[in-house]
Amino acid sequence: MKKRIVLAFGTRPEAIKMAPVYLALARSGALEPVILLTGQHRTQLEQALSIFGVPHERNLDVMTERQTLPELAARILPQAAAAFRGLKADYVLVHGDTLTTFVSAWAAFLERIPVGHVEAGLRSGSMSEPFPEEANRVLTDALCDTFFAPTEGARANLLKSGAAPARVFVTGQTAVDAILFASKKGVLPDDVPERGPVATVTLHRRENWPVLNELARRLAGVARARAEWTFVFPVHLNPVVREAVVPPLSGVGNVKLVEPLEYGCMAALLARSRLILTDSGGLQEEGASLGVPVAVVRNVTERPEGVEAGIVTLLGNEPERAMTEFAALMDDEPRLDRMASVKNPYGDGRASERIAAALERRLA
Ligand code: UD1
Ligand code: UDP
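Residues numbered from 1 in each chain as written. Chains lettered and ligands numbered in written order. Predicted model: local features only at pLDDT ≥ 70, side-chain atom pairs only at ≥ 80, totals over all residues. Heavy atoms only, no water.

Enquirer: Can you help me understand the nonpolar core in this one?
Expert: Most often, soluble globular proteins have nonpolar side chains that are buried together. By size, the foremost hydrophobic cluster in this structure holds 54 residues, and its most contacted members are I5, L7, F9, L25, L93 and L359. At eight residues, the largest contribution of residues to this core is made by helix α1 (residues 12–26). Residues contacting I5, with those up to four places away along its chain left out, are L25, L31, E32, P33, V34, Y91, L93, L359 and L363. (Core = buried A, V, L, I, M, F, W, Y, C linked by side-chain atoms within 4.5 Å. Buried < 20%, exposed > 50% of the residue type's maximum accessible area, 1.4 Å probe, protein only. Helix = DSSP H or I, 4+ residues; strand = E, 2+ residues; numbered from the N terminus. Contact = heavy atoms within 4.5 Å.)

Below is the structure:
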């Protein structure tokens, strides 16, 4: 009989990086994948899944407006545990570093169902950056049975924290599988010009909230001084983020503030971009996969491979310094060309296949 694998996820980035895993598991003769959505996100989750056409079995639909982290965790834990029981899960797979990731892993652990972690082993080394994602990763890895590490560096982190070597598989990043698929299929949003340099911008991280308004004000200045560039900023639906970034940027002619994009559109936009300005995790991997330089508004990254390879640069999150460095990068064509020509350190587009093969062996 096939082993039933429940993939539990709930936010945009998890959906994008787990959809290819679902599709790879569905091709296996030995495994039966089933998707359980926590619904930590609503619109952004639907927009992430639509291009992949993957079915979900249940949606716990936990999201509320301006949800707090403790309340969210308290809603997910008992419902996820009951769903795993109800779905008769033989095994649970979680992804990444959100509250859904950790709480779903904990729920499975309490139900005595073994858990595998996709994108295991990433570490920034600081519990406050990114917050609370670094804690979510560490806590999730403490509960897991099997670890799918995207890189050798992630594997080394897991071994350092005591994971058994036989339970750690280096697979590559499933974000690479996702972006290579979506950038071929996706269609550019209407208002992106055909000519001229485009910068895609996303900012939403919790630890950046105190400086978000100031970052946006300085970005407005950078944009006004560079009329030949178009900035496309799909603004996260979190009202805290909207309140900080929309007022300073809304009157700037060459900044297009747009609603969150369906993943195919986003992939096409990224592929069209000359540069990405972001504090996201996934965009670091996607830029590296598409040969688009990424400037990251963070002090540390749990994805150091892109920085070491040269396609990602860390700006820090002190607004004046970060935006001065960003402006200098925009004006430095030779540097942008050098960054864009780096080999992708995150994978080759076959991570999901490797995860399916490793899981088949583990459960044989
Ligand atoms: C969450 C994750 C973060 C991840 C990010 C990806 C945690 C603690 N945080 O942060 O790691 O990088 O998702 O985007 O798990 N909202 C909507 N519709 C949506 C999504 C969000 O309206 O589709 C609004 C709601 O008001 C919600 C708020 O955004 O309460 C915050 O959502 P939440 O998932 O708690 O935090 P994020 O900042 O999205
Ligand atoms: N993304 C998207 N539409 C958008 C903005 C982002 O599809 O409007 C995708 C992006 O390409 C990446 C993922 O969402 O794959 C990143 O998610 P997010 O920034 O929400 O989370 P993080 O990576 O910071 O955890």
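Having put the structure on the table, let's press on.
Enquirer: Just to check I follow, could you spell out the sheet that holds strand β11 (residues 275–278) for this structure?
Expert: Whether parallel or antiparallel, the strands of a sheet pair through hydrogen bonds between backbone atoms. Spatially, β10-β9-β8-β11-β12-β13 is the arrangement adopted by the six strands of the open sheet, whose pairing is parallel. Edge positions in the sheet fall to β10 (255–258) and β13 (312–314), since each has one partner strand and no second. Across the sheet, the axes of successive neighbouring strands diverge by a mean angle of 20°, strand direction being ignored. Where strand β8 (residues 198–202) and β11 come together, four bridges link them in parallel fashion. Opposite T200, over in β11, you have I276 as the bridge partner. (Pairing = 2+ DSSP bridges. Axes fitted to C-alpha atoms, helices over the stretch in contact; angles between N-to-C directions.)

Enquirer: Can you help me understand the pairing of strand β4 (residues 91–95) in this one?
Expert: On a regular strand, one side chain projects to one face of the sheet and the next to the other, so that they alternate. Buried residues dominate β4, accounting for five of its five residues. By the alternation rule, side chains of β4 split into Y91, L93 and H95 and V92 and V94, which are all buried. Where strand β1 (residues 3–9) meets β4, three bridges bridge the pair, whose relative direction is parallel. Residue pairing across strands places I5 opposite Y91, the latter belonging to β4.

Enquirer: What exactly am I supposed to notice about the site of ligand 2 here?
Expert: Around ligand 2 there are 16 residues in total, and R12, R205, L261, S280 and E286 lie nearest to it. The contact in question runs from an oxygen atom of ligand 2 to an N or O atom on the side chain of H204, over 3.0 Å. In the model, an oxygen atom of ligand 2 is placed 2.4 Å from a nitrogen or oxygen of the E286 side chain. Burial of ligand 2 by the surrounding chains reaches 95%, relative to a free accessible area of 540 Å². For the shell around ligand 2, the elements supplying multiple residues, two or more each, are α1, α10 (263–272) and α11 (282–290). Per-class residue counts for the shell around ligand 2 are nine nonpolar, four polar and three charged. (Near = heavy atom within 4 Å. Polar contact = N/O pair within 3.5 Å; in protein donor to acceptor, adjacent residues only side chain to side chain. Areas by Shrake-Rupley, 256 points an atom, 1.4 Å probe, with all protein chains shown as cover. Nonpolar A, V, L, I, M, F, W, Y, C, P; charged D, E, K, R; others polar.)

Enquirer: Quick question: what am I supposed to make of the packing of aromatic side chains here?
Expert: Aromatic rings in a pair are described by how distant their centres are and how their planes are angled relative to each other. Under the definition given, this model contains five aromatic pairs. Seen in terms of ring centroids, F52 and F181 are 5.5 Å apart; in terms of plane orientation they differ by 20°. Their pairing is stacked. Of this pair, F52 sits in the loop between α2 (43–49) and β3 (58–59) while F181 sits in helix α7 (residues 174–185); the two residues are 129 residues apart in sequence, bridging distant segments of the chain. Ring centres 6.0 Å apart and planes at 25° place the aromatic pair F148 and F169 in the stacked group. Here F148 is found in strand β6 (residues 146–149), whereas its partner F169 is found in strand β7 (residues 168–170), with 21 residues between them in sequence. Exposure class is identical for F148 and F169. Each is buried. (Phe/Tyr/Trp six-rings, centres within 6.5 Å; stacked < 30°, edge-to-face > 60°.)

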